[in-house]
Amino acid sequence: MWRSLFIGGVVPCAVLSPVVFAMGWWQGGEAMAWSAFSGLGLAGIFFLVGFASLRLVLSTPSFVQLSGALGVFFLQVLLLLALVDVIGTMSWLNTRAFALGALCGALAWQAGQAFVVLRGRRPIYPDVVMPGGDLQ
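What counts as what
- Residues numbered from 1 in each chain as written.
- Predicted model: local features only at pLDDT ≥ 70, side-chain atom pairs only at ≥ 80, totals over all residues.
- Heavy atoms only, no water.
- Core = buried A, V, L, I, M, F, W, Y, C linked by side-chain atoms within 4.5 Å.
- Buried < 20%, exposed > 50% of the residue type's maximum accessible area, 1.4 Å probe, protein only.
- Helix = DSSP H or I, 4+ residues; strand = E, 2+ residues; numbered from the N terminus.
- Contact = heavy atoms within 4.5 Å.
- Patch = residues over 30% accessible without salt bridge, like charges linked within 9 Å, V, L, I, M, F, W, Y side chains within 5 Å.
- Areas by Shrake-Rupley, 256 points an atom, 1.4 Å probe, with all protein chains shown as cover.
- Salt bridge = Lys/Arg side-chain N within 4 Å of Asp/Glu carboxyl O.

A. Geometry of the nonpolar core. Formed by Leu5, Cys13, Phe51, Ala108, Trp109 and Val116, the largest nonpolar core amounts to six residues. Counting only elements with at least two residues in this core, the list comes to helix 1 (2-28) and helix 4 (95-120). Excluding its chain neighbours within four sequence positions, the residues that come into contact with leucine 5 are Phe51, Gln113, Val116 and Val117.

So, in structure tokens, the structure goes:
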């Protein structure tokens, strides 16, 4: 399942990257295009690091997994806040285009992940009738 989740996140971001670059170019020229593309790239890297971290966390014993997942989440939030602070000081970067590119990357990653999860579900016990399942 990890491979399909990885592909489900990376492929939509990769497909969307020329669209984001072209829309940035159309809206404001080269600087805006590179800013939007940078936002998409940073969002993709951000989600890849989180994906790899969660994969490591889920390989640990079950009593550590919840605290590890929460740790990954809070670390991502703190890193994101630090990045927002640093990105706001860059004069060459159009912050609005960067934010829109990052939003496009986040939505593409999450939509791809949701698609993979919905398509890849398999019942663990397909022959078992759930209680109350025969009441129609």
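B. Layout of a nonpolar patch on the surface. A surface patch of nonpolar side chains, about 720 Å² in accessible area, is lined by Leu66, Leu70, Phe73, Phe74, Val77, Leu78 and Leu81. Within the element layout of this structure, phenylalanine 73 appears in helix 3 (residues 62-87). Residue phenylalanine 73 is classed as partly exposed on the basis of its relative accessible area of 45%.

C. Layout of the side chain of glutamine 113. Along the chain, glutamine 113 falls in helix 4. A relative accessible area of 14% places glutamine 113 in the buried class. Discounting chain neighbours no more than four positions away, the residues touching glutamine 113 are Leu5, Phe6, Gly8 and Gly9.

Any functional reading would require information that these geometric values do not contain.
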